[in-house]
Amino acid sequence: MTAVRRAAPVLVAALLLLVCAGPAGATGYRYWSFWERTGDHWTYATQGPASVRPDDGTVQGFRFTVGADAADAGRPRGTADFDTICADTPAKSGAKRVALVLDFGTSADAPSGETPPQRRAVCARVPSDASSADALAAVAGPLRYDTNALLCAIAGYPHKGCGEQVSTDREPTSAAPESGSAESSASSESSESDSGPSLGLPIGVGVVALLAGAAIWQSRRRRDASG
């Protein structure tokens, strides 16, 4: 029992470490996220704009945002209706129309010294085999890409930087979707599913269990030796 008493301060210290340890500082990336409109809500694109060949009547969105992953990225805001965006762009043989929502994000997401332009919605009429990147280039140049073909700027924004890592230890800056919409529900579900126990919890429990086991083993060894 002497070994257990000696180990007690260490166990207490480990427990205090477990209780006091907070979650590690979160990091994300500042980048242009790519979205596809499905019904009345946005879906994070699983392919890059250069790989997607949209059909006539497609609605797609680009949002400049800061986030760690797809669940954390801000969705494009505002009207996203094909008939409204492409009302003045008639169909043409051999071509297709793609409605694009360009959301330049918020001031909080903007690189230092830059101001995000106003959100805009444009209709691109491009050849029938054009990619989403082609449609974007037709109506929102100049575009800027890095050496890995990552989209860095739309309509010249931002002027510099590309996918840089930034801290996300702040309040969310993406605008909340309309109340009662599918987007609002999906956002709420995502927030709930992403919130889980800190990694410090299982690590701390493991440390305490290891120390307790060592103390018990040491106690038995002393008892056997004395017997």
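Counting of residues starts from 1 at the beginning of each chain's written sequence and follows it residue by residue. A pLDDT threshold of at least 70 governs which residues receive local features in this predicted model, and a stricter bar of 80 or more applies before side-chain atom pairs are shown or counted, although totals over entire chains, interfaces and linings include all residues. For side-chain calculations, the full set of non-hydrogen atoms in the structure is used, while hydrogens and water are omitted.

## Considerations on the confidence of the model for the chain
Under the convention used in this document: Values of pLDDT, which run from 0 to 100, indicate the predictor's confidence residue by residue. By the convention used here, residues are in contact when the closest approach between their heavy atoms is within 4.5 Å.
Averaged over all residues, the pLDDT of the chain is 75; the fraction at 70 or higher stands at 62%. Every residue in residues 2–23 scores below 50 in pLDDT, and together they form 21 contacts with partners more than four places removed in sequence or on other chains. Note on residues 171–221: pLDDT is under 50 here. Beyond four places in sequence and across chains, it has 42 contacts.

## Some details on the environment of G61
Formally: Elements are defined by DSSP. Helices are runs of H or I of four residues or more, strands are runs of E of two residues or more, and each kind is numbered from the N terminus.
For G61, the location among the structural elements is in strand β3 (residues 58–67). The spatial distance from the C-alpha of G61 to the C-alpha of A45 is 9.5 Å, given a sequence separation of 16 residues. Dropping the residues within four chain positions of it, G61 is found in contact with S33, F34, W35, W42, P76 and V101.

## Some points on the environment of G94
Quick reminder of the rule: Think of it in three bands: residues with accessible area under 20% of the maximum for their type are buried, residues over 50% are exposed, and the middle band is partly exposed, with areas taken using a 1.4 Å probe on protein chains only.
Within the secondary structure layout, G94 lies in the loop between α2 (82–85) and β4 (95–103). Residue classification places G94 among the exposed positions, given a relative accessible area of 56%. G94 sits 32 residues away from V126 along the chain, and the two C-alpha atoms are 8.7 Å apart. Every residue in contact with G94, bar those within four places of it in the chain, is listed here: P127 and S128.

## Side note on the pattern of salt bridges
Our working rule: By definition, a salt bridge exists where a carboxyl oxygen of Asp or Glu is found within 4 Å of a side-chain nitrogen of Lys or Arg.
Tallied over the entire structure, the rule returns four salt bridges. Note that R97 and D56 form a salt bridge whose closest N and O atoms lie 3.5 Å from each other. Of this pair, R97 sits in strand β4 while D56 sits in the loop between β2 (41–44) and β3, and the two are 41 residues apart along the sequence. The class of R97 is buried, set by a relative accessible area of 14%. The salt bridge partner of R63 is D103, with a shortest N-O separation of 3.8 Å. A residue pair is termed long-range when its members are at least 10 positions apart, and R63 in strand β3 and D103 in strand β4 qualify at 40 residues. Since its relative accessible area comes to 0%, D103 is described here as buried.

## Quick word on the side chain of K96
Formally: For this count, His and the chain ends are skipped, Lys and Arg are scored as positive, and Asp and Glu as negative. Residues adjacent in sequence count toward polar contacts only when both atoms are side-chain atoms; beyond that, a polar contact is any pair of N or O atoms within 3.5 Å, and within protein one must be able to donate a hydrogen and the other to accept it.
Among the secondary structure elements, K96 is positioned in strand β4. Of the side chains with opposite charge, D55 comes closest to the buried, unpaired K96, at an N-O distance of 6.1 Å. Reaching out from K96, the side chain makes a polar contact with the backbone oxygen of S128 at a distance of 3.2 Å. From its side chain, K96 meets the backbone oxygen of A130 in a polar contact 2.7 Å long.

## Description of the packing of aromatic side chains
Condition: Put simply, two rings from Phe, Tyr or Trp (the six-membered ring, in Trp's case) pair if the centres are within 6.5 Å, and we call them stacked under 30 degrees between planes, edge-to-face over 60, tilted for the rest.
A complete count under the given rule lists six aromatic pairs for this structure. Where W32 meets F104, the ring centres are 5.4 Å apart and the plane angle is 85 degrees; that geometry is what we call edge-to-face. On the criterion of sequence distance, the pair formed by W32 in strand β1 (residues 27–38) and F104 in the loop between β4 and β5 (120–127) is long-range, its members being 72 residues apart. Per residue, the accessibility class of W32 equals that of F104, and both read buried. Residues F64 and Y157 carry aromatic rings whose centres are separated by 5.3 Å and whose planes lie at 70 degrees to one another, so their mutual orientation is edge-to-face. Placement of F64 in strand β3 and of Y157 in the loop between β7 (151–153) and β8 (165–167) is noted, with a sequence separation of 93 residues between them. Judged by relative accessible area, which is 2%, F64 ranks as buried. Through successive ring pairs, a cluster of aromatic residues spans W32, F64, F104 and Y157.

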